[in-house]
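Below are the chains, spelled out letter by letter.
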Amino acid sequence: MGAASTAGQFRAFWADAFGEGVNDQGQIDALVGATKAAHANAIVAQVVRRGDCFCVRAGLPVNESIAAGFDPLQALIDTAHGQGIEVHAWMTANAIWNSTTPPRDPNHVFNLHGPAASGRANWVMTRSDGLSKLNDDWMLDPGHPDAAAWVANVATSIVRAYEIDGINLDRIRYPDGNLGSLVPSWGYNPTAVARFRAETGRTDTPSNTDPQWTQWRRDQVTGIVRRVYLESTALRPRIRVSADLITYGYGPQSTGSFENTRAYAEQLQDWRGWLREGILDTAILMNYKRDALANQHQMYDEWNEFAKDNQYRRSVAIGSALYLNDIASSVSQVRRALAPSAAGNTAIGWVGYSYRTPDAMTDAGTRSGATGRAELIKALTQPSQYDGVTPPILADAPAVPAMTWKTQPIFGHLRGTAVATDSTILAGTAIHLVEPTSGVVLRTTTSDGTGWFGFVDLAIGTYRVTTDSSRVSGGVLGQATIVPGRVSLLGAATPSPTPTPTPSATPKPTPPSTCQRTDGPGIAAPANVASGLAGFHASWYGQSGYSSLCPGQTATAVVAFYNSGTRGWLSDAMGQVAYLGTWNPEPGQDRASMLGGDGAAGSPNTGWPRYNRVAVQPAAWVGPNQVAWFQFTIVAPTAPGTYRLAIRPLVEGAQWMEDFGVFWIVTVR
């Protein structure tokens, strides 16, 4: 289960955003210079700290400490790449604010969805006893569907907007501050609990350690990681998706199994499962232990050994706490991090926390970070009094190892949104991947709270996607063709083949068909879209394939729009809800179409919201940098020919949004 051997070694500093690091060009120059001097080749830089960004193009509020006109992330990319150093954008997944004074930006997630919000608009994590923040931190609940989608969309907005080498998820778990060891006590946001009840049929409020509730919460975290992995890989097929992972206490060797560790049972972070499924490229252990303490020395080695031997088809890097140790102890920990396990498996590298606090003396304030870094760099790269072993552990300067599963792929991936026949979202629903010829179910997953689902590492070929939900006519959601190294989007389903009659049946002869439906390939999203435009805005973001239909036949169409503005779209709220409307030239603005409608104004009744409103946003909330998958049904006219439906997004009662010339084309045979 260890990772395959590959040339190179991943070496990095975590550079946090709570002090010197990326606040101005001078700090960035110093960070890159120290990384280069340490013979490291990557920087894991904190760009999303608490609902804001040390960047300007991701659609988030810019951190209030950053000077106007300066883009820390872009400056870091330019400087680091000029020195051959990778940049991995580190985002804190669920902490959104920690002050009694709210953020200045009215569009900050805390202001829109913090403790002052009510109903579904409130995304705040709550403990079972009613506590709604930990120490000074307000947090998002992974079980809230809109909060989970927000986390995933923040990550992918950075991937989309910047030429980063990796996206790194931190605090992608339930928090500390539980009501006992192995007692996961958080996740009681009312909307999250209501979702759990709706998906399980239960009516009670589950206890902290209820097995079904615990697994459901764990699955919500895993679902966010899966979504970030697939959406990021779709945007940049060779990006490295990593996460900073819990290693509290002793390793599985002492606790009896990974399932008995605090990471899995209390923080609900199944990072071994993420590696096994393949939804992380690199697991970075936060193996923060004081080496001078015998028990923590043992904990450090146990977790390293376990991680090296449980990499599956992906990779592991060991992170150590520079700030907890003297320099000699840190060098010893780096050596043990990079050494093979007893089974001969090696991690791909080491990451130090942190650049700002490189040793215990710096953390205690008895010497400067610059002095501590200089001593650490010397100990890692040169013979010194800190290390009696030669050569020094980081004497060479290798390249970052390749991710062969991405650079030489043999598998592909699939993502989609589960939508019922009546165009409503199928949240928390079992989704099956089916071999279309035999009908064998190959895998099963569960859609998230917005209907999104995904499958990773699929053999090339064509698959059908089905569900047991009675809300889907025939149970078929669609089909997709998988190609190596790419993320395919679920397309419309082709009709199931006619069943072969049983021997006892006496079928009547039927004339040969002269018309057969076909569905073209989906149209992928553009490489770049606008982001962070003031007000209501939308950018076209792909669609399913055009259909050739028989007269009177229906088909389901999906068109995606990215919220490129700073204002969210809120369902059922006039002046805030997003629709697709009919547009010029066919059939004309607010005109009825022969391809679909609600039966009014001469339109056929295909279930549209109105004859001139093709579809409404599928999720209750579509925030900035989130994607809405609008779905609608069209019907083929009786006369053969090619028909077009022009559509344009709008916020009902407020304004039409951008016109990208989006058409739906139907060919009738």
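Keep in mind that this is a model prediction, so the values were computed, not measured.

On a plain count of helices and strands, the protein comes out with 14 helices and 29 strands. Computed over its C-alpha atoms, the radius of gyration of the protein comes to 26 Å, within 12% of the 26 Å expected for a compact globule of 669 residues. Principal axes of the C-alpha set define a box for the protein whose edges measure 90 × 60 × 50 Å. In the protein, buried positions account for 58% of the 669 residues. Counting only contacts in the protein whose residues sit at least 6 apart along the sequence, the fraction spanning at least 24 positions is 71%.

Considering all chains together, one arrives at 1 disulfide under this definition. The residue that forms a disulfide with Cys53 is Cys55, at a sulfur-sulfur distance of 2.0 Å. Where Cys53 bonds to Cys55 through sulfur, the torsion about that S-S bond is close to 110°, and the disulfide is right-handed. Assigned by exposure class, Cys53 and Cys55 land together as buried.

Here we come to the sheet that holds strand 7 (residues 240–246). Strand order in the closed barrel formed by 8 strands is 1-2-3-6-7-8-9-10, and the pairing between neighbours is parallel. For this sheet, the mean angle separating the axes of adjacent strands, direction not counted, is 25°. Relative to strand 3 (residues 86–92), strand 2 (residues 42–48) runs parallel, the two sharing 6 bridges. For Val48, the partnering residue across the bridge sits in strand 3 and is Met91. Against the sheet, helix 2 (residues 72–82) touches strand 2 and strand 3, its axis set at about 150° to strand 3.

Take the packing of aromatic side chains next. For the structure on display, the rule yields 28 aromatic pairs. Their ring planes at 55° and their centres at 6.0 Å tell us that Phe110 and Trp138 sit as a pair that is tilted. Of this pair, Phe110 sits in helix 3 (residues 109–113) while Trp138 sits in strand 5 (residues 138–139), placing them 28 residues apart in sequence. In terms of burial, Phe110 and Trp138 fall into one category: buried. Relative to Phe455, the ring of Phe453 has its centre 6.2 Å away and its plane inclined at 70°; by these criteria the two rings are edge-to-face. Take Phe453 and Phe455: they sit in the same class, and that class is buried. An aromatic cluster of at least three residues, connected via ring pairs, comprises Trp14, Trp90, Tyr288, Tyr323 and Tyr353. Directly above the aromatic system of Tyr355 lies the positively charged group of Arg373, at a separation of 4.0 Å from the ring centroid. Seen from the ring of Trp583, Arg648 lies directly overhead, with NZ or CZ sitting 4.4 Å from the centre.

All right, on to the nonpolar core then. One finds Ile158, Ile164, Trp271 and Trp274 to be the most contacted residues of the largest nonpolar core, which totals 118 residues. For this core, the element with the most residues is helix 4 (residues 145–161), which contributes 10 residues. Ile158 has contacts with Val47, Val48, Ala58, Leu73, Ala89, Ile164 and Ile167, leaving out every residue within four places of it along the chain. Within the second largest apolar cluster, 31 residues are counted, among which are Leu549, Ala619, Leu645 and Trp664.

Among the 5 residues of strand 6 (residues 166–170), 5 are classified as buried, and the element is accordingly described as predominantly covered. Of the two faces of strand 6, the one holding Gly166, Asn168 and Asp170 and the one holding Ile167 and Leu169 are both buried throughout. Of the pairings in the sheet, the one linking strand 3 to strand 6 comprises 5 bridges and is parallel in character. Bridging across to strand 6, His88 finds its partner in Gly166.

Definitions and cut-offs
- Within each chain, residues carry numbers counting from 1 in the order of the written sequence.
- For this predicted model, a pLDDT threshold of at least 70 governs which residues receive local features, and a threshold of 80 or more governs which side-chain atom pairs are given and counted, while totals over whole chains, interfaces and linings are taken from all residues.
- Calculated side-chain values reflect all of the structure's heavy atoms, with hydrogen atoms and water omitted.
- Only DSSP runs of H or I with at least four residues qualify as helices, and only runs of E with at least two residues qualify as strands; both kinds are numbered from the N terminus onward.
- We take the radius of gyration over the C-alpha atoms and set the globule estimate at 2.2 Å times the residue count to the 0.38 power.
- Buried, partly exposed and exposed residues are distinguished by accessible area as a fraction of the type maximum, computed with a 1.4 Å probe on protein chains only: under 20%, between the cut-offs, and over 50%, respectively.
- Two residues qualify as a contact provided that any one of their heavy atoms is within 4.5 Å of a heavy atom in the partner residue.
- Here, the term disulfide refers to a pair of cysteine sulfur atoms separated by no more than 2.5 Å.
- Between any two strands, pairing holds if DSSP finds at least two bridges.
- Under this scheme, a helix contributes an axis fitted over its contacting stretch, all axes are lines through C-alpha atoms, and angles between N-to-C directions fall in the 0 to 180 degree range.
- Stacked, tilted and edge-to-face are the three classes assigned to paired rings of Phe, Tyr and Trp, where Trp is represented by its six-membered ring and a pair needs centres within 6.5 Å; plane angles under 30 degrees give stacked, over 60 edge-to-face, the rest tilted.
- Placement of a positive charge over a ring is assigned whenever Lys NZ or Arg CZ falls within 6 Å of the ring centre and within 35 degrees of the normal to the ring plane.
- In plain words, nonpolar cores are sets of buried Ala, Val, Leu, Ile, Met, Phe, Trp, Tyr and Cys residues tied together by side-chain atoms within 4.5 Å.

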